[in-house]
Amino acid sequence: MSLVPESNGYSFSRIAPIQAVLFDIDGTLCDSDPLHYFAFREMLQEVGFNGGVPIDEDFFVEYISGKHNEDIGTALFPDWDHEKAMKFMDDKEAMFRRLASEQLMPVDGLHKLCKWIEDRGLKRAAVTNAPRANAELMISILGLTDFFEFLIVGSECERAKPHPDPYLKALKELKASADHSFIFEDSVSGIKAGVAAGMPVIGITTRNPEHLLMEANATFLIKDFNDPKLWMALEEQDSVAMGASKI
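The shown structure was predicted, so the numbers you read here are calculated from the model rather than taken from an experiment.

Conventions used here
- Residues numbered from 1 in each chain as written.
- Predicted model: local features only at pLDDT ≥ 70, side-chain atom pairs only at ≥ 80, totals over all residues.
- Heavy atoms only, no water.
- Buried < 20%, exposed > 50% of the residue type's maximum accessible area, 1.4 Å probe, protein only.
- Helix = DSSP H or I, 4+ residues; strand = E, 2+ residues; numbered from the N terminus.
- Pairing = 2+ DSSP bridges.
- Right-handed = clockwise from strand over helix to strand, strands pointing away.
- Salt bridge = Lys/Arg side-chain N within 4 Å of Asp/Glu carboxyl O.

Engineer: Would you mind showing me how to read the pairing of strand 4 (residues 123-128) here?
Structural biologist: Within a regular beta strand, the side chains point alternately toward one face of the sheet and then the other, so they alternate between its two faces. Most of strand 4 is tucked away, with five of its six residues classed as buried. The sheet contact formed by strand 3 (residues 20-23) and strand 4 spans four bridges and is parallel. Each residue of the ladder has a partner; that of Ala 20, found in strand 4, is Lys 123. Where strand 4 meets strand 5 (residues 150-153), four bridges bridge the pair, whose relative direction is parallel. Its bridge partner being in strand 5, Ala 126 is matched across the sheet by Leu 151. For the segment spanning strand 4, helix 6 (residues 132-141) and strand 5, crossover handedness is right-handed.

Engineer: Looking at this structure, I do not really get the pattern of salt bridges. What am I missing?
Structural biologist: Proximity of charged atoms lets side chains of opposite charge pair with each other. Evaluation of the coordinates by the stated rule reveals 14 salt bridges. Asp 24 is paired through a salt bridge with Lys 161; the nearest N and O atoms lie 3.0 Å apart. Residue Asp 24 is located in the loop between strand 3 and helix 1 (33-46), and its partner Lys 161 is located in the loop between strand 5 and helix 7 (165-174); the two are separated by 137 residues in the primary sequence. In this structure Lys 161 comes out as buried when scored by relative accessible area, which is 3%. Among the ionic pairs, Arg 41 bridges to Glu 42, the shortest N-O distance being 3.6 Å. A relative accessible area of 25% means that Arg 41 is categorised as partly exposed. On the basis of relative accessibility, which here comes to 26%, the residue Glu 42 falls in the partly exposed class. Sharing partners across several salt bridges, the network here consists of Asp 24, Lys 161 and Glu 185.

Given below as structure tokens:
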């Protein structure tokens, strides 16, 4: 089922009652892409990638953002052996963690949304292609370690995003139905994974181009978690839930 545009905004009525809310981490809970971009740009230049010419943001969006490290390493270094490519990726992630420890910030409205979810007793999981060490660090910095019931990591599933496996695993762990759950995502690969898992996906336009997120079949887009479109839909969900409780 999917959310549908209505005259007053966007509606969650098709998935009422909501059982679970699933979140990507990078670019969704926090605007981490600039830190990843900086780390990749610096380290790729050090190894002489592209003749030593620094990558730009368009390259980062097309070939790196939202993708799994195994796939990134293979795409960037087709002539390197696997061990060497993965060593580069591990070193890059270590640099990212150093940067994140000092600079990571939540997306606007995140904690307001988390309180809304907690107040209604909804199930929740974080689902990411990031390495577990990165994911746990980011969740901790954001103060959400106790908020999430499960952390699902793409590399620990049979297939990572854009395949649906991580989101299907999250539903299984939460004992939730795809018909009564939805997802927040910021990347094309993440949106494709959520859609393939049978859930509506709300795209967050932190960094990736809006037209690419819509082409991946995002249900609708929000700027951040303070976006009025999101809160119209959440308020309608409260009204639906209140009406159901009176029946």
